[in-house]
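Coordinates in review
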2 protein chains.
Amino acid sequence: MQFSPLIEELIQALRCLPGVGPKSAQRMALHLLERDRQGGQRLSSVLARAMEQVGHCKNCRTLTEEDLCRICSSGRRNQNVLCVVETPADMLALEQSGVYDGRYFVLLGHLSPLEGIGPEDLGFDELLQRLKDEPVDEVILATNPTLEGETTAQYLVELLAGLPLKVTHLAHGIPLGGELEFIDGGTLSRAFAGRLGFATRKDSDG
Amino acid sequence: MQFSPLIEELIQALRCLPGVGPKSAQRMALHLLERDRQGGQRLSSVLARAMEQVGHCKNCRTLTEEDLCRICSSGRRNQNVLCVVETPADMLALEQSGVYDGRYFVLLGHLSPLEGIGPEDLGFDELLQRLKDEPVDEVILATNPTLEGETTAQYLVELLAGLPLKVTHLAHGIPLGGELEFIDGGTLSRAFAGRLGFATRKDSDG
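Residues numbered from 1 in each chain as written. Chains lettered and ligands numbered in written order. Predicted model: local features only at pLDDT ≥ 70, side-chain atom pairs only at ≥ 80, totals over all residues. Heavy atoms only, no water.

Looking at the overall build of chain A
When you go through chain A residue by residue, the secondary structure sums to 9 helices and 6 strands. Relative to the 2.2 N^0.38 estimate, which gives 17 Å for 206 residues, the radius of gyration of chain A is 23 Å and therefore markedly larger than a compact globule would have. Counting across all 206 residues of chain A, residues that qualify as buried make up 42%. A separation of at least 24 residues holds for 48% of the contacts in chain A among residues at least 6 apart in sequence. As displayed, chain A has an accessible area near 11900 Å², and 52% of this comes from carbon and sulfur atoms. Positive and negative side-chain charges of chain A, numbering 20 and 29 respectively, have mean locations separated by a distance of 6 Å. (Helix = DSSP H or I, 4+ residues; strand = E, 2+ residues; numbered from the N terminus. Rg over C-alpha atoms; globule rule 2.2 N^0.38 Å. Buried < 20%, exposed > 50% of the residue type's maximum accessible area, 1.4 Å probe, protein only. Contact = heavy atoms within 4.5 Å. Areas by Shrake-Rupley, 256 points an atom, 1.4 Å probe, with all protein chains shown as cover. Lys, Arg positive; Asp, Glu negative; His and termini not counted. Charge placed at Lys NZ, Arg CZ, Asp CG, Glu CD.)

This is the structure:
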């Protein structure tokens, strides 16, 4: 026995959400049906609008329902720095750290021959166009420290080699609050290779 | 900085799902927008239909978009036994165990003065009516072994006391595959109090 066809269809449809297996999908469907029809209706209508209306920022490719995202349309951002990230979530994480006041370019993925994702899918042409049109001095490659992310960064380094600008990447090393014991060997060897001197009184004075 | 207004609205709307906090809601929204618009659209339309069309079985009160659920409309179920459960999910769990071939009555909750849930919300009148109309010999109270579930069962025991039928509850004890070490004291004392003799050769022979 199962639930009635429409309820089974709802449980099935909920499985399109990441991290939702059969048991959670059942729990979600029954929760909405038993206790929160209003929430379910609201979710349905917002979902329909979002799936239809959300597109990409014309300038940086992040997800937005507007023509230009807030960062690209803001006059207050530093136009001389451009940070390249893989996803809108990465962009949000950097924004939330509050450390960066420049602009972004969102690849919406990384190079992955296996999945058939090549340079044309990641908007490299648009990126080069922006570097021609805008007064950018430095490109920060903030792709993920994974095989695909690093490959993508390396490709970009070569692509941008001839241009009159500095290309940098985020520092690798031990994350704050991490315990050495639990940090993987790759990170440790990067942290060793990139070790820094302590700032002594003399250094900071002079 | 946040995402654009419509994306923020979607993240907020996803939080109506049980077990979904701000981080998961963000992950779900971005997943649908970046990778599965079709799934999102399908979810939106199924949700809208389910929230509008799913009601309750006229006979047993379980969730269904039909007038009568499949069990109530089946001619093959034993009409002499009626099992009372709290939720449609409990009913499904019993069905999946394959141990029961009678019919059900779904309370859709349990007595809870604090939440303002009284006998009238749990369909006790409909239950009594069914017991008058149908040839039921035994009512199995399969409410949850929680304070509220047991209180509800106790209330029903008193309500059904005058009727010419047997009222039973599921056995309490040690779950199969459980290790004594990890079983709570309440369950252990119930299992002690209800201990059973081993079936010896002689017993089973006759």
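Some thoughts on the nonpolar core
In this structure, Leu 10 and Leu 17 of chain A together with Leu 10 and Leu 17 of chain B are the most contacted members of the largest nonpolar core, which totals 48 residues. Contributions of two or more residues to this core are made by helix H1 (5-14), helix H2 (22-35) and helix H3 (37-53) of chain A together with helix H1 (5-14), helix H2 (22-35) and helix H3 (37-53) of chain B. Setting aside chain neighbours within four positions, we find Leu 17 of chain B in contact with Leu 14, Leu 17, Met 28, Leu 32 and Leu 43 of chain A. (Core = buried A, V, L, I, M, F, W, Y, C linked by side-chain atoms within 4.5 Å.)

Observations regarding the packing of helix H6 (residues 124-133) of chain A against helix H7 (residues 147-160) of chain A
All names here are of chain A. Two numbers describe how H6 lies on H7: the axes approach to 12 Å, and their chain directions differ by 45 degrees. Considering the angle they form, H6 stands oblique to H7. Classified by chirality, the crossing of H7 by H6 is right-handed. Side by side, H6 and H7 meet where Phe 124, Leu 127, Leu 128 and Leu 131 of the first sit next to Thr 152, Tyr 155, Leu 156, Leu 159 and Leu 160 of the second. In the contact of H6 with H7, the residues fall into 8 nonpolar, 1 polar and no charged. (Axes fitted to C-alpha atoms, helices over the stretch in contact; angles between N-to-C directions. Parallel < 35°, antiparallel > 145°, perpendicular 65-115°, else oblique. Left-handed = near helix turned anticlockwise from the far one by under 90°. Nonpolar A, V, L, I, M, F, W, Y, C, P; charged D, E, K, R; others polar.)

Some details on the relation of the copies chain B and chain A
Superposing chain B onto chain A takes a rotation of 180 degrees plus a shift of 0.0 Å along the axis, which leaves an RMSD of 0.0 Å. These values place the two chain copies in the arrangement generated by a two-fold rotation axis. Relative to the rotation axis, the C-alpha of Ser 44 of chain B is the closest in chain B, positioned 2.1 Å from it. Mapped onto chain A, 100% of the interface residues of chain B again fall at the interface, so both copies present the same surface. (Least-squares fit on C-alpha atoms with pLDDT ≥ 70 in both.)

Things to note about the environment of Thr 146 of chain A
As for its position among the elements, Thr 146 of chain A is in the loop between strand E5 (138-141) and H7. Only 3.1 Å separates the side chain of Thr 146 of chain A from the backbone nitrogen of Gly 149 of chain A, close enough to count as a polar contact. (Polar contact = N/O pair within 3.5 Å; in protein donor to acceptor, adjacent residues only side chain to side chain.)

Describing the UniProt feature "zinc finger region: C4-type" (unreviewed entry) in chain A
In the numbering adopted here, UniProt assigns the feature "zinc finger region: C4-type" (unreviewed entry) to residues 57-72 of chain A. Helix makes up 19% of residues 57-72 of chain A and strand makes up 12%, while its end C-alpha atoms are separated by 8 Å. (UniProt positions renumbered as here; feature names shortened; annotations may be inferred.)

A closer look at the environment of Ile 117 of chain A
Residues and elements named next belong to chain A. Within the element layout of this structure, Ile 117 appears in the loop between strand E4 (103-106) and H6. Separated by 38 residues in sequence, Ile 117 and Tyr 155 have C-alpha atoms that sit 13 Å apart. Excluding residues that lie within four positions of it along the chain, Ile 117 makes contacts with His 110, Leu 111, Ser 112 and Leu 122.

Remarks on the interface of chain B and chain A
By a widespread convention, an interface's size corresponds to the accessible area lost as its parts come together. At the junction of the two partners, chain B supplies 54 residues and chain A supplies 54 residues. Taking both partners together, chain B and chain A bury about 5400 Å²; carbon and sulfur atoms supply 71% of that area. Run the count over chain B and chain A and you get 2 salt bridges. Taking the shortest distance from any N to any O, the salt bridge between Glu 9 of chain B and Arg 49 of chain A comes out at 2.8 Å. Summed over the shared surface of chain B and chain A, the number is 11 residue pairs in polar contact (both at pLDDT 80 or more). If you list the elements that add at least two residues to the side of chain B that touches chain A, you get H1, H2, H3, strand E2 (63-64), helix H4 (70-73) and helix H5 (88-97) of chain B. Counting residues per element, the side of chain B that touches chain A draws most heavily on H3 of chain B, at 14 residues. A per-class count over the side of chain B that touches chain A returns 29 nonpolar, 14 polar and 11 charged. (Buried area = accessible area lost by both parts, 1.4 Å probe. Salt bridge = Lys/Arg side-chain N within 4 Å of Asp/Glu carboxyl O.)

As for the UniProt feature "domain: Toprim" (unreviewed entry) in chain A
Within this structure's numbering, the places UniProt gives as "domain: Toprim" (unreviewed entry) are residues 80-175 of chain A. With 35% helix and 18% strand, the stretch residues 80-175 of chain A has end C-alpha atoms that lie 28 Å from each other.

Notes on H1 of chain B
The buried fraction of H1 of chain B amounts to 7 of the 10 residues, a majority that puts the element mostly inside the structure. Of the surrounding secondary structure, the elements contacted by the buried residues of H1 of chain B are H3 and strand E2 (63-64) of chain A together with H2 of chain B.

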